[in-house]
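Okay, here's what each chain looks like letter by letter:
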Amino acid sequence: AATAARDAVITPLAAAAMEGSYRRAHPAIVQLHLIREAEEAMAAVASLENCHRPLVANQERGMDLLANEGRAMDTIVTKQRRGMDLLADWEARLDLTPAALATREPILALRRATYAALGARDAGAYAWLAQAKLCRNSGHHGAAQLALLEARAALEGSEVPNAGAGAVEGGGVGTHVLNGNGRPGPGMALAVEQAKLLWATGRQHRAVVEIQEALDDSTLCGGDPLTTSRANLRLARWSAATGQRQKTDVLHIYSNVLRDQKHTEKANFHVAKYMDDLLKDALRREQQRAAAAAAGAGDGASGGGGGGSRGQRGRHFDVDERSIDYVIEIITHYATSLRYGHRHVYESLPRMLTLWFDVGAAA
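Residues numbered from 1 in each chain as written. Predicted model: local features only at pLDDT ≥ 70, side-chain atom pairs only at ≥ 80, totals over all residues. Heavy atoms only, no water.

**Some thoughts on the overall build of the protein**
Part 1 of the reasoning: If you tally the helices and strands in the protein, you get 17 helices and zero strands.
Part 2 of the reasoning: Here the protein holds 363 residues, and 39% of them are scored as buried.
Part 3 of the reasoning: Within the protein, contacts between residues at least 6 apart in sequence are counted, and of these 65% link residues at least 24 apart.
Part 4 of the reasoning: Per element, the accessible surface of the protein, about 19,700 Å² overall, is 56% carbon and sulfur. (Helix = DSSP H or I, 4+ residues; strand = E, 2+ residues; numbered from the N terminus. Buried < 20%, exposed > 50% of the residue type's maximum accessible area, 1.4 Å probe, protein only. Contact = heavy atoms within 4.5 Å. Areas by Shrake-Rupley, 256 points an atom, 1.4 Å probe, with all protein chains shown as cover.)

If you want it as structure tokens, here you go:
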């Protein structure tokens, strides 16, 4: 059947290739992708079904279940893991496809059906999370929320073991034992995706609260350190954007992020960008201080009226950091971000050079 389906797809693909039209060939390529994954899914499900038959036969013959059930369950768990190993390259294959709803939705639907047949609830939850992200990026916020609800239902359903699946993937929402394909439980990823959806729908303050509640859960944080570190980075960015935290608190969060992601472009870029905003604010305050000092010098000859308020203003400005205090760190973080990636090169490189030449000209 798979060979016949593949032959049926190859004919229009060959015609599109002769025309050199990628747009016309793309649907056929997606169909070939689906056929390949359907074959792999059938092989994984068949390997699991084969290990159920001896257990059923033993039950029908009335054999000693206490002696054989444990060995049978161990066999089921092993077969489930082997079935998931057959699908180990699915994540890499999905990353090669365009991030379009029309392309990825049928692929994710096939994968969810496969994971349901294998009893891989955590993997099914990750598939729903991918669907939610796809819908959110496409602007379909209602569909994204439904996908998140499905992911949460799949995750909560893993609290009840079935046919050895619980032994493979662990417990429910708060459990973060590595699942069959070596990934941590999706609890933290689910909370972060929910917060992203809240932010996309204009509920920024609720999004910050949502992500903070997830970070306060030690069980979620301990089971998925990478997603936790990324959540901290997002919390720092959102806190700075909404003004829900003081500068020292935001800098403290960024320092924790850099402890885990000091060799990544994204973390260094956003730290540099936030400190760049602090630099601009410090420059503005220095200009205000200079204007206040000039006004005070101009009024000095006319008497002491209002001198107390000017003195208070001067003392207020004196406690502010100087703008030059930020420049070295900003340039360092921009340069580090360029070392580890190029996604923000058109923003980080010009700004870094601008600061470098401005400081050199002022020296």
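**Section: the side chain of S348**
Part 1 of the reasoning: Take S348: it is sitting in helix 17 (residues 345-362).
Part 2 of the reasoning: Given the relative accessible area of 0%, S348 is considered buried.
Part 3 of the reasoning: Those residues within four positions of S348 in sequence are excluded, and the remaining contacts are F269, Y334, S337 and L338.

**Details of the nonpolar core**
Part 1 of the reasoning: If you look at the biggest cluster of nonpolar residues, it comprises 38 residues, and the most contacted ones within it are M188, Y254, Y326 and I330.
Part 2 of the reasoning: Contributing elements (two or more residues each) for this core: helix 9 (187-200), helix 10 (204-216), helix 11 (218-223), helix 12 (225-242), helix 13 (247-261), helix 14 (265-299), helix 16 (324-340) and helix 17.
Part 3 of the reasoning: In terms of residues, this core owes the most to one element, helix 14, which gives nine residues.
Part 4 of the reasoning: One finds L94, Y126, L148 and L190 within the second-largest nonpolar core, a separate group that totals 17 residues. (Core = buried A, V, L, I, M, F, W, Y, C linked by side-chain atoms within 4.5 Å.)

**Quick notes on the packing of aromatic side chains**
Part 1 of the reasoning: Following the criterion strictly, the structure yields four aromatic pairs and no others.
Part 2 of the reasoning: Judged by centre distance (6.0 Å) and plane angle (55°), the rings of W90 and Y115 are tilted. With W90 in helix 4 (residues 90-95) and Y115 in helix 5 (residues 101-118), this pair connects stretches of sequence that are 25 residues apart.
Part 3 of the reasoning: We classify W90 as buried; its relative accessible area is 0%.
Part 4 of the reasoning: Under the relative-accessibility criterion, Y115 is labelled buried at 5%. (Phe/Tyr/Trp six-rings, centres within 6.5 Å; stacked < 30°, edge-to-face > 60°.)

**Considerations on the packing of helix 9 against helix 12**
Part 1 of the reasoning: The N-to-C vectors of helix 9 and helix 12 enclose an angle of 20°; their axes lie 10 Å apart at closest approach. Judged by the angle between their axes, helix 9 and helix 12 are roughly parallel. The crossing of helix 9 and helix 12 is left-handed. In this structure, helix 9 uses M188, A189, V192, A195, K196 and W199 to contact helix 12, whose residues at the interface are T227, T228, A231, R234, W238, A241 and T242.
Part 2 of the reasoning: In terms of residue class, the contact of helix 9 with helix 12 is built from eight nonpolar, three polar and two charged. (Axes fitted to C-alpha atoms, helices over the stretch in contact; angles between N-to-C directions. Parallel < 35°, antiparallel > 145°, perpendicular 65-115°, else oblique. Left-handed = near helix turned anticlockwise from the far one by under 90°. Nonpolar A, V, L, I, M, F, W, Y, C, P; charged D, E, K, R; others polar.)

**Describing the environment of H270**
Part 1 of the reasoning: If you trace the backbone, H270 turns up in helix 14.
Part 2 of the reasoning: H270 gets classed as buried once you look at its relative accessible area, which sits at 11%.
Part 3 of the reasoning: Contacts of H270, omitting those with residues within four sequence positions, involve L233, R237 and Y254.

**What to know about the environment of K266**
Part 1 of the reasoning: As for its position among the elements, K266 is in helix 14.
Part 2 of the reasoning: For the pair formed by K266 and R343, sequence separation is 77 residues and the distance between their alpha carbons is 8.4 Å.
Part 3 of the reasoning: Filtering out sequence-adjacent residues up to four positions away, K266 remains in contact with L233, R234 and R237.

**Re the confidence of the model for the protein**
Part 1 of the reasoning: Here the protein averages 80 in pLDDT, while 76% of its residues score no lower than 70.
Part 2 of the reasoning: Within the model, pLDDT remains below 50 along residues 305-319, and this stretch shows eleven contacts once partners closer than five positions in the same chain are excluded. (pLDDT = per-residue confidence, 0-100.)

**What to know about a nonpolar patch on the surface**
Part 1 of the reasoning: A surface patch of nonpolar side chains, about 430 Å² in accessible area, is lined by L349, L353, W356 and F357.
Part 2 of the reasoning: You can see W356 is positioned in helix 17. (Patch = residues over 30% accessible without salt bridge, like charges linked within 9 Å, V, L, I, M, F, W, Y side chains within 5 Å. Salt bridge = Lys/Arg side-chain N within 4 Å of Asp/Glu carboxyl O.)

**With respect to the side chain of H333**
Part 1 of the reasoning: You can see H333 is positioned in helix 16.
Part 2 of the reasoning: When neighbours within four sequence positions are excluded, H333 is seen to be in contact with L258, N268, V271, A272 and M275.

**Focus: the packing of helix 6 (residues 121-137) against helix 7 (residues 141-157)**
Part 1 of the reasoning: Running from N to C, helix 6 and helix 7 point in directions that differ by 170°, and their axes come no closer than 8 Å. Judged by the angle between their axes, helix 6 and helix 7 are roughly antiparallel. Facing helix 6, whose interface residues are R121, D122, A125, W128, L129, Q131, A132, C135 and R136, helix 7 presents H141, A143, A144, A147, L148, E150, A151, A154, L155 and G157.
Part 2 of the reasoning: Partitioning the contact of helix 6 with helix 7 into residue classes produces twelve nonpolar, three polar and four charged.

**Focus on the pattern of salt bridges**
Part 1 of the reasoning: According to the stated counting rule, one finds eleven salt bridges in the structure shown.
Part 2 of the reasoning: D276 serves as the salt-bridge partner of R351, at 2.6 Å between the closest nitrogen and oxygen. Here the residue R351 occupies a position in helix 17, and D276 occupies one in helix 14, the gap between them amounting to 75 residues.
Part 3 of the reasoning: The exposure class assigned to R351 is partly exposed, which follows from its relative accessible area of 22%.
Part 4 of the reasoning: Within this structure, E37, R93 and R111 form a network of salt bridges that share partners.

**Quick word on helix 17**
Note on helix geometry: an α-helix contains 3.6 residues per turn, so any two residues three or four positions apart are oriented the same way.
Part 1 of the reasoning: Spanning 18 residues, helix 17 covers 25 Å between terminal C-alpha atoms, matching the ideal 26 Å at 1.5 Å per step.
Part 2 of the reasoning: Along helix 17, the residues that are buried comprise S348, M352 and L355. Mapping the buried residues of helix 17 onto a view down its axis gives an arc of 65°, with all of them on the same face. In helix 17, the exposed residues that point more than 90 degrees away from the buried face are Y346, F357 and A361. (Expected span 1.5 Å × (residues − 1). Arc of directions from axis to C-beta.)

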